[in-house]
Number of protein chains: 2
Amino acid sequence: PPGKKVLIVYAHQEPKSMNGSLKRVAVEELSKQGCSVTVSDLYAMQFEPRATRNDIVGCLHNSEEFNYGVETWEAYKRGSLSSDVLEEQKKVQEADLLIFQFPLYWFSMPAIMKGWMDRVLIQGFAYDFPKCYDSGLLKNKLALFSFTTGGTREMYAKGSINGDIRYLLWPMQHGIMHFCGVKFLEPHICFAPERVSEEKRMEMLIAWAERLKTLWEEKPINCTPEWYFK
Amino acid sequence: PPGKKVLIVYAHQEPKSMNGSLKRVAVEELSKQGCSVTVSDLYAMQFEPRATRNDIVGCLHNSEEFNYGVETWEAYKRGSLSSDVLEEQKKVQEADLLIFQFPLYWFSMPAIMKGWMDRVLIQGFAYDFPKCYDSGLLKNKLALFSFTTGGTREMYAKGSINGDIRYLLWPMQHGIMHFCGVKFLEPHICFAPERVSEEKRMEMLIAWAERLKTLWEEKPINCTPEWYFK
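Residues numbered from 1 in each chain as written. Chains lettered and ligands numbered in written order. Predicted model: local features only at pLDDT ≥ 70, side-chain atom pairs only at ≥ 80, totals over all residues. Heavy atoms only, no water.

In the nomenclature of an unreviewed UniProt entry, chain A is known as Ribosyldihydronicotinamide dehydrogenase [quinone] of Piaya cayana. Turning to chain A, the UniProt record has this under Function (unreviewed entry): "The enzyme apparently serves as a quinone reductase in connection with conjugation reactions of hydroquinones involved in detoxification pathways as well as in biosynthetic processes such as the vitamin K-dependent gamma-carboxylation of glutamate residues in prothrombin synthesis." For chain A, the Subunit (unreviewed entry) comment in UniProt is given as "Homodimer." (UniProt positions renumbered as here; feature names shortened; annotations may be inferred.)

As structure tokens, this is what we get:
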């Protein structure tokens, strides 16, 4: 609805890819609804995935022994995180909904997107102790993982060789988003777009656009182990 | 035993860290046994985690639409992957055992190590179709995930808020290693080293050294969903 802010964190090298098209469909449909949409195009930004000392501007809290978690937490409080991290945090802060759009790499997100998680979701900003899980600092936000797979739907069914697709959602949805207090909507999965016809890929894009039309009426998933492993 | 080759893929910024110490203990103990030990120190190497066009030397198979999986597969066959990837593949090829040493970041490995998986374990080298899972191209190798956590053992027990630690091992052990045909040993987990005394940390290091003494007698895990989610 008008006024809602959406951040799309997008990780694909090729604008003409299925992921590129899914991203474009989301920008168009959500903009049409009157949402304000921002895209972090990680490859185009050459986003840095490595968690290093460079993420802290100026002196370290403890220059004898580098501890990334402690240093970035302290830097967050002092306002001395590197500017690329601060920019992403600002986008997250302003967003009502985060959409992560990526091809599944090794049962997870590509390293460039994992680096976004590692570097942006800093203690003090995204969570703290005891402000985690349902009281995480990003509560009142929604997230949605939208991704493509190499394997077919059948290969990701319970009892098949890859196991239920939900098994691999646990670290991403529960371990990252839920930990920060973010509620999430049903993931949007396009199975094996490279193995189907151009027509079928077009149907996948239309299905995504259709879903987005009523996205704001959806209820978040109740994130319990039963949802993943039952 | 003498003659065995071990590759340690190590992802920590600080040599004085617990992960740095665990890595050193492994190098020392395995060398003492007569193993030949190689370390890929990813942060020190400034290892590139991003999967991009730069991984292919020379012309692309399809320069109209970049597909990382297809391009790296083709480049592998032509021998035109970038030299940093080729070097890591050579180390993997020669190794009998791969040890991954890292701090758990967001229920998974740090982005720099995920990037190692994304870029090194290329189709044609690590797997092919149908040469995956038990017939993966890296069969006859062993792997072991050795990592530290922020949360305590109790926080990663079944029924507790983080869920069973085994839930988050599924994408790493099954989705990556098993997919490539690699068998793996019980993970080695140091829970919350930052929350315990120096003495307790020393005990953790000694326990790791002790385990390594009889590591070659261990039997691989039987990687079924039951092991993870029962």
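There's more to say after this.
In this section: the overall build of chain A. Scanning chain A from N- to C-terminus turns up seven helices and six strands. Taken from N to C terminus, the helices and strands of chain A fall in the order β-α-β-α-α-β-α-β-α-β-β-α-α. In terms of principal-axis extent, the alpha carbons of chain A reach across some 55 × 40 × 30 Å. Within chain A, the proportion of its 230 residues that are buried is 58%. (Helix = DSSP H or I, 4+ residues; strand = E, 2+ residues; numbered from the N terminus. Buried < 20%, exposed > 50% of the residue type's maximum accessible area, 1.4 Å probe, protein only.)

Tracing the backbone through its elements, the reader meets B:Q101 in strand β3 (residues 97–103). Within the local environment of B:Q101, its side chain forms a polar contact with the side chain of B:N19, the two groups lying 2.8 Å apart. (Polar contact = N/O pair within 3.5 Å; in protein donor to acceptor, adjacent residues only side chain to side chain.)

Structurally, A:I176 is set in helix α5 (residues 165–177). Sequence separation between A:I176 and A:Q13 is 163 residues; the distance between their C-alpha atoms is 24 Å. Sequence-distant contacts of A:I176, that is, excluding residues within four places in its chain, are made with A:M109, A:M117, A:L121, A:P171 and B:W106. (Contact = heavy atoms within 4.5 Å.)

This paragraph deals with the packing of helix α1 (residues 18–32) of chain A against helix α6 (residues 198–213) of chain A. Residues and elements named next belong to chain A. At a minimum axis distance of 10 Å, the contact between α1 and α6 shows a crossing angle of 30 degrees. With respect to their mutual orientation, α1 and α6 come out roughly parallel. Handedness of the crossing formed by α1 with α6: right-handed. Contact with α1, carried on its side by M18, S21, L22, V25, A26, E29 and L30, involves R201, M204, L205, W208, A209, L212 and K213 of α6 and no other residues of that element. Broken down by class, the residue content of the contact of α1 with α6 amounts to ten nonpolar, one polar and three charged. (Axes fitted to C-alpha atoms, helices over the stretch in contact; angles between N-to-C directions. Parallel < 35°, antiparallel > 145°, perpendicular 65-115°, else oblique. Left-handed = near helix turned anticlockwise from the far one by under 90°. Nonpolar A, V, L, I, M, F, W, Y, C, P; charged D, E, K, R; others polar.)

Looking now at the interface of chain B and chain A. Listed as interface residues are 48 residues of chain B and, on the opposing side, 48 residues of chain A. Both sides together, the interface formed by chain B and chain A hides about 4100 Å², and carbon and sulfur atoms give 62% of it. Taken together, chain B and chain A are joined by zero salt bridges. On the surface where chain B and chain A come into contact, there are 24 residue pairs in polar contact (both at pLDDT 80 or more). When grouped by side-chain class, the residues that make up the side of chain B that touches chain A number 27 nonpolar, twelve polar and nine charged. (Buried area = accessible area lost by both parts, 1.4 Å probe. Salt bridge = Lys/Arg side-chain N within 4 Å of Asp/Glu carboxyl O.)

Overlay of chain B on chain A (RMSD 0.0 Å): rotation 180 degrees, translation along the axis 0.0 Å. When the rotation and shift are considered jointly, the pair of chain copies conforms to a two-fold rotation axis. Within chain B, B:A111 has its C-alpha nearest the rotation axis, a separation of 2.4 Å. In this assembly the copies share their binding face: 100% of the residues contributing to the interface of chain B also contribute to that of chain A. (Least-squares fit on C-alpha atoms with pLDDT ≥ 70 in both.)

Attention shifts here to α5(A). All names here are of chain A. In this model α5 runs 17 Å from its N-terminal to its C-terminal C-alpha over 13 residues, within 8% of the 18 Å that 1.5 Å per residue would give. Across the 13 residues that make up α5, a large majority, twelve, are buried. Within the sequence span of α5, burial applies to I165, Y167, L168, L169, W170, P171, M172, Q173, H174, G175, I176 and M177. Where α5 begins, the side chain of D164 points an oxygen toward the backbone nitrogen of R166, at a separation of 2.9 Å. (Expected span 1.5 Å × (residues − 1).)

Below, the discussion takes up the UniProt feature "domain: Flavodoxin-like fold" (unreviewed entry) in chain A. Here the UniProt-annotated "domain: Flavodoxin-like fold" (unreviewed entry) positions come out as residues 4–212 of chain A. The span residues 4–212 of chain A carries 36% helix and 15% strand; its end-to-end C-alpha distance comes to 13 Å.

Once that is clear, we can look at the packing of aromatic side chains. Taken as a whole, this structure holds 45 aromatic pairs over all chains when the rule is applied. Measuring from centroid to centroid gives 6.2 Å for A:Y156 and A:F191, while their planes differ by 40 degrees, and the two rings are tilted. Within this pair, whereas A:Y156 is found in the loop between β4 (142–148) and α5, its partner A:F191 is found in the loop between β6 (188–190) and α6, the two being separated by 35 residues in sequence. Residue A:Y156 is classed as buried on the basis of its relative accessible area of 9%. Taking 5.3 Å as the distance between ring centres and 20 degrees as the angle between the ring planes, the aromatic pair formed by B:F102 and B:F147 counts as stacked. Taken together, the residues B:F102 in strand β3 and B:F147 in strand β4 (residues 142–148) connect sequence positions 45 residues apart. In terms of burial, B:F102 and B:F147 fall into one category: buried. (Phe/Tyr/Trp six-rings, centres within 6.5 Å; stacked < 30°, edge-to-face > 60°.)

Turning to helix α2 (residues 68–78) of chain B, a few remarks are in order. All names here are of chain B. Inspection of α2 places Y68, E71, T72, E74 and A75 among the buried residues, and these make up the whole buried set. Projected down its long axis, α2 shows its buried positions confined to an angular sector of 160 degrees, all on one face. In the core, the buried residues of α2 are packed alongside α4 (111–120). Where α2 begins, one side-chain oxygen reaches toward the backbone nitrogen of G69, 3.2 Å away; that side chain belongs to N67. (Arc of directions from axis to C-beta.)

Bringing the pairing of strand β2 (residues 36–41) of chain A into the picture now. Successive residues of a regular strand alternate their side chains across the two faces of the sheet. All names here are of chain A. Summarising the sheet, strand β1 (residues 5–10) and β2 pair through six bridges and their orientation is parallel. Directly across from L7, in β2, lies its bridge partner T38. Crossover connection from β1 via α1 to parallel β2: handedness right-handed. (Pairing = 2+ DSSP bridges. Right-handed = clockwise from strand over helix to strand, strands pointing away.)

Turning next to the pattern of salt bridges. One pass over the full model with this rule turns up 26 salt bridges over all chains. Two residues, A:E29 and A:K32, come together in a salt bridge whose shortest N-O distance is 3.7 Å. Here A:E29 and its partner A:K32 are both found in helix α1, three residues apart, which amounts to about one turn of the helix. Judged by its relative accessible area of 8%, A:E29 is buried. Here B:E29 and B:K213 are joined by a salt bridge, their closest N and O atoms 3.3 Å apart. With B:E29 in helix α1 (residues 18–32) and B:K213 in helix α6 (residues 198–213), the pair connects residues that are 184 residues apart, well separated along the chain. A cluster of three or more residues bridged by salt bridges with shared partners is formed by A:E29, A:K32 and A:K213.

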